[in-house]
Amino acid sequence: MRKKLILGTLCVCFSVLVTILGLEKNIEYGATKEIQDVPYKKVVIEKEVLSKTLSEEEVYTLAQCVEAEAGVGNTESQKHITQVILNRVASDKFPNSVEEVIFQKRGCIPQFSVAYNGMMNRKVKEETLMNVYKVLMHGTDLPDNVLYFYADFVKDNWVNTLNTYSVVEGTVFAYEN
C-alpha cells in the first residue's frame, strides 16, 4: 500500500530540471494546467509537516548528494535517500533546510561524508534529477520517522543499533526507537 505523503505547499523553482525533463506544464498535486510567460514551473507537493520552497540550487544539491550516496542506476535507493533527506528537513531533530541537512556535522563528523569528500562535485545525471523530481512530486512509501541510511556492509557502528525499516539495493534505511 502506497502511503499518501502530504508535503504542505512546496514550490520548486528549477529551470534546469524542467529543461532536462522537458516539462511544459504547471504541475500541482493531482492536476496540471497550461502556463505561459512564467520563469519557473510550480510544483505543489503535500506532506504533513514540511512547507518549504526549494531553490534551483537546493534541488541540484539534493540531487548531487543523492547520486553520490546511491550511485547511478540505483533508482529505488535514490528515491529513498531523497525521502530521508526530506524527512530530516521536516524533523525537529535536524536542521530545516536541504543544504543544512546535507552539510551538517555532529561534532567533527559529517552526516553525509559525500558533502566533504568531493563526490558531490560531479555533474548530476538526468536519471538522478528525474528520481529526485519524482520524490518531490509524489513522495515515497518511506515513513516520516526513517531518518537514517547506511551501506549494508557497515558493521560495528552506532548505526547498527537503529531499527531497520528496509534494505534496498545494498542500502539500509533505518529509524530510532
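Look above for the structure.
**Q** So what's going on with the overall build of the protein? Which residues, and what values?
**A** Across its full length, the protein carries 5 helices and 10 strands. By residue count, 46% of the 177 residues in the protein fall in the buried class. Long-range contacts, defined here as pairs at least 24 residues apart, represent 67% of the contacts in the protein between residues at least 6 apart. In the structure as shown, the protein presents an accessible area of about 9200 Å², 49% of it carried by carbon and sulfur atoms.

**Q** So what about the environment of T75? Which residues, and what values?
**A** Position of T75 among the secondary structure elements: in helix 3 (residues 75-90). With relative accessibility at 25%, the residue T75 sits in the partly exposed group. Considering only alpha carbons, one finds T75 and N131, 56 residues apart in sequence, at a separation of 6.8 Å. The contact partners of T75, leaving out residues within four places of it in the chain, are E127, N131 and E169.

**Q** Explain unusual backbone geometry to me, using residue names and the numbers behind them.
**A** If a residue is not glycine, its phi is most likely negative; likewise, a peptide bond is most likely trans. Unlike most non-glycine residues, D156 shows phi in positive territory, near 50°. You can see D156 is positioned in the loop between strand 8 (148-151) and strand 9 (163-168). Phi angles above zero are rare outside glycine, and E169 is one such case at about 50°.

**Q** Account for the packing of aromatic side chains, with residues named and values stated.
**A** When we look at a pair of aromatic rings, we describe it by the centre distance and by the angle of the planes. Per the counting criterion, the structure on display carries 5 aromatic pairs. Look at F103 and Y116: their rings are 5.9 Å apart centre to centre, the planes differ by 85°, and that puts the pair in the edge-to-face class. In this pair, F103 is assigned in helix 4 (residues 98-103) and Y116 in the loop between strand 7 (109-110) and helix 5 (126-138), connecting sequence segments 13 residues apart. On the accessibility criterion, Y116 (41% relative accessible area) is partly exposed. Where F149 meets F173, the ring centres are 6.1 Å apart and the plane angle is 40°; that geometry is what we call tilted. Of this pair, F149 sits in strand 8 while F173 sits in strand 10 (residues 171-175), and the two are 24 residues apart along the sequence. These aromatic residues form a ring-pair network of at least three members: F94, Y148 and W158. The ring of Y116 carries the charged tip of K105 above its face, separated from the ring centre by 4.5 Å.

The rules we used
- Residues numbered from 1 in each chain as written.
- Predicted model: local features only at pLDDT ≥ 70, side-chain atom pairs only at ≥ 80, totals over all residues.
- Heavy atoms only, no water.
- Helix = DSSP H or I, 4+ residues; strand = E, 2+ residues; numbered from the N terminus.
- Buried < 20%, exposed > 50% of the residue type's maximum accessible area, 1.4 Å probe, protein only.
- Contact = heavy atoms within 4.5 Å.
- Areas by Shrake-Rupley, 256 points an atom, 1.4 Å probe, with all protein chains shown as cover.
- Phe/Tyr/Trp six-rings, centres within 6.5 Å; stacked < 30°, edge-to-face > 60°.
- Lys NZ or Arg CZ within 6 Å of the ring centre and 35° of its normal.

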